[in-house]
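The chain contents come next:
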Amino acid sequence: MKGKGLKNTAILSAASVVFLLVVWGIAYFAIGNQYLLPSPWETLKAAVSLLGTGGFYAAFFSTIGRAVVAILIALIFGVGLALVAYLYPAFGGILRIPVAILRSMPTMAVLLLILVGVSPAIAPIVIGVLTLFPLLYTSAHSALLAVDKELLEMCDVYRVPTAVRIQKMYLPCALPKLLSEGLAALSFSLKLTVSAEVLTFTYQSIGGWIQESALAVETSTMMALTLLVCLVGGAIETVGALAFRREV
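Because the structure is predicted, anything quoted here is derived from the model rather than measured.

Q: Tell me about unusual backbone geometry, and name the residues and values.
A: The phi torsion at glutamine 204 lies on the positive side, around 50°, for a residue other than glycine. Here glutamine 204 lies in the loop between helix 8 (162-200) and helix 9 (206-215). Using a relative accessible area of 43% as the deciding quantity, one classes glutamine 204 as partly exposed. Backbone geometry at valine 217 places phi at a positive 55°, although glycine is not the residue there. Positionally, valine 217 belongs in the loop between helix 9 and helix 10 (219-247). Overall, valine 217 belongs to the partly exposed group, its relative accessible area being 45%.

Q: Residues and numbers for the nonpolar core, please.
A: By size, the foremost hydrophobic cluster in this structure holds 24 residues, and its most contacted members are Tyr86, Tyr137, Leu144, Val147, Leu152, Met169 and Tyr170. Counting only elements with at least two residues in this core, the list comes to helix 3 (54-87), helix 4 (89-104), helix 6 (123-145), helix 7 (149-157) and helix 8. The residues contacting tyrosine 137, other than those within four sequence positions of it, are Gly78, Leu81, Ala82, Ala85, Gly92, Leu95 and Val99. Residues Leu50, Phe56, Leu190 and Leu225 belong to the second largest nonpolar core, which totals 15 residues.

Calculation rules
- Residues numbered from 1 in each chain as written.
- Predicted model: local features only at pLDDT ≥ 70, side-chain atom pairs only at ≥ 80, totals over all residues.
- Heavy atoms only, no water.
- Helix = DSSP H or I, 4+ residues; strand = E, 2+ residues; numbered from the N terminus.
- Buried < 20%, exposed > 50% of the residue type's maximum accessible area, 1.4 Å probe, protein only.
- Core = buried A, V, L, I, M, F, W, Y, C linked by side-chain atoms within 4.5 Å.
- Contact = heavy atoms within 4.5 Å.

As C-alpha cells, then:
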C-alpha cells in the first residue's frame, strides 16, 4: 500500500510539473516578451549554466547556512520557551501578546528597521528567527498541551521529577509534531532568507544574485535562480513528508 501511495504521489507530482510547464509556455507565447517572462527552455539553459559555476554553489550554501542557522535558533527558543510556558502557565500568558505581535508583524518593514543596526549578511538570519519563532513556539506548546492526561496523573502519583518528565515524556510526545512543523519551516526559512537577501542585497547569496540579475535585466538568470530555490524547497518538503510518513 505504501509503495502504491508513493507511486501515485510521484505520478501526480510529475503531472503537476508538466502542467506548470505547459501553462508557462502558453504565458510566454501570449506575452511575447523575453524580458517580462523568459521561456522555459531559456530558463533551463540558464539554470544548467549556473549549476556549472563555482560562484553559484558558494552563494547557494551561504544562503542555506543562513536558513539553517535561523531555524535552529528559532527552534531552540521556541521549544525552550514552550516548555517553560507549559510548566508555568502564568509565563505562557505573559508570552501570548509578544508571540501574537511577532506572528502578525510586517516582515519587510521590520527588516528595513533591522538593517539600521545589523549588516546585510546577518539581517536575513534575524528576520528568519523573528518570523519562525512564533510558529515553532505555538506548535511546540500545542503539542505539549496534547500530552496524555493519564500519563501526567501517573507522573504525579509516582512523583516523577520535572527533568525526567521533560526528557522521557514531554519532548518524545511533542517530537512527531515538531518534526512535521520543523521540516515545513525549513523550506519556509529558505524562501524567507532568499527574500530578505533580495531586499538587503546580501553579498554572495542567492537573494543578492537575484537582485543583481534584476538590475541587469537578466530575467532568464533571475527566473533560473528562483526556480532552483523552489525546487530545493520542494525537495525538502517532499523528503521530509515521506520520512515522516514512514515514521508514522
